[in-house]
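# Survey of secondary and tertiary structure
The lines below spell out each chain.
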Amino acid sequence: MAYPDWLTAPMRKELTDLGARELRSAKEVDELVAQPGVVMLVVNSVCGCAAGKARPGIAKALEHAHRPDAVGTVFAGADIEATEHARAYFTGFLPSSPSVALLRGGKLLYMMERRDIEASSAERIADQLTLAFDEHCKTAATQ
């Protein structure tokens, strides 16, 4: 049984307020991943490490000069089909929530798993994501 919308709505809003596109179906995941450039795909969660570490870290990282061209989010335990489909792009990684992936053309470039999030602070998560943004999200003109 999926988490009810009333429970997940405030947690979803934290990411959509940052410009993340909510993805509730496999089709929506594929549409986001097919966009040109670098896509950040966040698997959101109700857990404490998502609330106190992942979402605040993502918010800080998205203030960085280099950032993904598009950001999308699925919600583990609520967007069942979309989450399962998103995780199919995370080749070589077990299901994990929360998690953050960077993709280009459907190919995984970077992955931050729950274990990386649990062991870090929001500031450390932001630092790690901005390093990944610097590596993968610079435009051709700035590289």
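Our subject is the structure that appears above.
The structure reproduced in this document is the subject of the present report.

Reading the values: rules and limits
- Residues numbered from 1 in each chain as written.
- Predicted model: local features only at pLDDT ≥ 70, side-chain atom pairs only at ≥ 80, totals over all residues.
- Heavy atoms only, no water.
- Pairing = 2+ DSSP bridges.
- Helix = DSSP H or I, 4+ residues; strand = E, 2+ residues; numbered from the N terminus.
- Contact = heavy atoms within 4.5 Å.
- Axes fitted to C-alpha atoms, helices over the stretch in contact; angles between N-to-C directions.
- Parallel < 35°, antiparallel > 145°, perpendicular 65-115°, else oblique.
- Nonpolar A, V, L, I, M, F, W, Y, C, P; charged D, E, K, R; others polar.
- Expected span 1.5 Å × (residues − 1).
- Buried < 20%, exposed > 50% of the residue type's maximum accessible area, 1.4 Å probe, protein only.
- Arc of directions from axis to C-beta.
- Right-handed = clockwise from strand over helix to strand, strands pointing away.
- Core = buried A, V, L, I, M, F, W, Y, C linked by side-chain atoms within 4.5 Å.
- Disulfide = S-S within 2.5 Å.
- Salt bridge = Lys/Arg side-chain N within 4 Å of Asp/Glu carboxyl O.

## Observations regarding the sheet that holds strand β1 (residues 21-22)
Whether parallel or antiparallel, the strands of a sheet pair through hydrogen bonds between backbone atoms. Strand order in the open sheet formed by 5 strands is β1-β3-β2-β4-β5, with mixed pairing between adjacent strands. Every other strand in the sheet has two partners, leaving β1 and β5 (107-112) as the edge strands with one partner each. Contacting β1, β2 (38-44) and β3 (70-75), helix α2 (residues 26-33) runs over the sheet at an angle of about 150° to β2.

## Section: the packing of α2 against helix α4 (residues 80-88)
Orientation of α2 relative to α4, taken along the N-to-C sense of each, is 40°, at an axis distance of 7 Å. Looking at the two axes, α2 sits oblique to α4. Residue-level contacts link Ala-26, Val-29 and Asp-30 of α2 to Glu-81, Ala-82, His-85 and Ala-86 of α4. Here the contact of α2 with α4 is composed, by residue class, of 4 nonpolar, 1 polar and 2 charged.

## Let's talk about helix α1 (residues 5-16)
Between its first and last C-alpha, α1 extends only 14 Å over 12 residues, short of the 16 Å set by a 1.5 Å rise per residue. Three or more residues of α1 are buried, namely Thr-8, Met-11, Arg-12 and Leu-15. Buried residues of α1 fall within an arc of 105° about the axis and therefore sit on the same side. In this fold, the buried residues of α1 make contact with β1, β2, α3 (48-61) and β3.

## Some words on the pairing of β2
With 7 of 7 residues buried, β2 is to be regarded as a mostly interior element. The two faces of β2 match: Val-38, Met-40, Val-42 and Asn-44 on one face and Val-39, Leu-41 and Val-43 on the other face are all buried. Where β2 meets β3, 6 bridges bridge the pair, whose relative direction is parallel. Paired with Met-40 across the two strands is Val-71, which belongs to β3. Handedness of the crossover joining β2 and β3 through α3 is recorded here as right-handed.

## Considering the environment of Ala-51
Summarising the element assignment, Ala-51 is placed in helix α3. Considered as a pair, Ala-51 and Thr-83 are 32 residues apart in the sequence and their alpha carbons are 18 Å apart.

## Observations concerning the nonpolar core
Counting residues in each nonpolar core, the largest one holds 24 residues, and the members touching the most others are Met-40, Ile-58, Val-100, Leu-102, Met-112, Leu-129 and Phe-133. Elements that contribute at least two residues to this core include exactly β2, α3, β4 (99-104), β5 and α6 (122-136). Excluding anything up to four places from it in sequence, Met-112 contacts Ser-99, Val-100, Ile-117, Ile-125, Gln-128 and Leu-129. In this structure, Leu-23, Val-39, Phe-90 and Met-111 belong to the second largest nonpolar core, which totals 18 residues.

## Overview of the state of the cysteines
What the rule picks out here adds up to 0 disulfides. Cys-47 takes part in no disulfide bond, and the closest cysteine sulfur, belonging to Cys-49, lies 3.2 Å away.

## A look at the pattern of salt bridges
This structure, assessed with the given rule, holds 11 salt bridges. For Glu-14, the salt bridge goes to Arg-55, with nearest N and O atoms at 3.2 Å. Within this pair, whereas Glu-14 is found in helix α1, its partner Arg-55 is found in helix α3, the two being separated by 41 residues in sequence. Among the ionic pairs, Asp-79 bridges to Arg-24, the shortest N-O distance being 4.0 Å. Residue Asp-79 is located in the loop between β3 and α4, and its partner Arg-24 is located in the loop between β1 and α2; the two are separated by 55 residues in the primary sequence.

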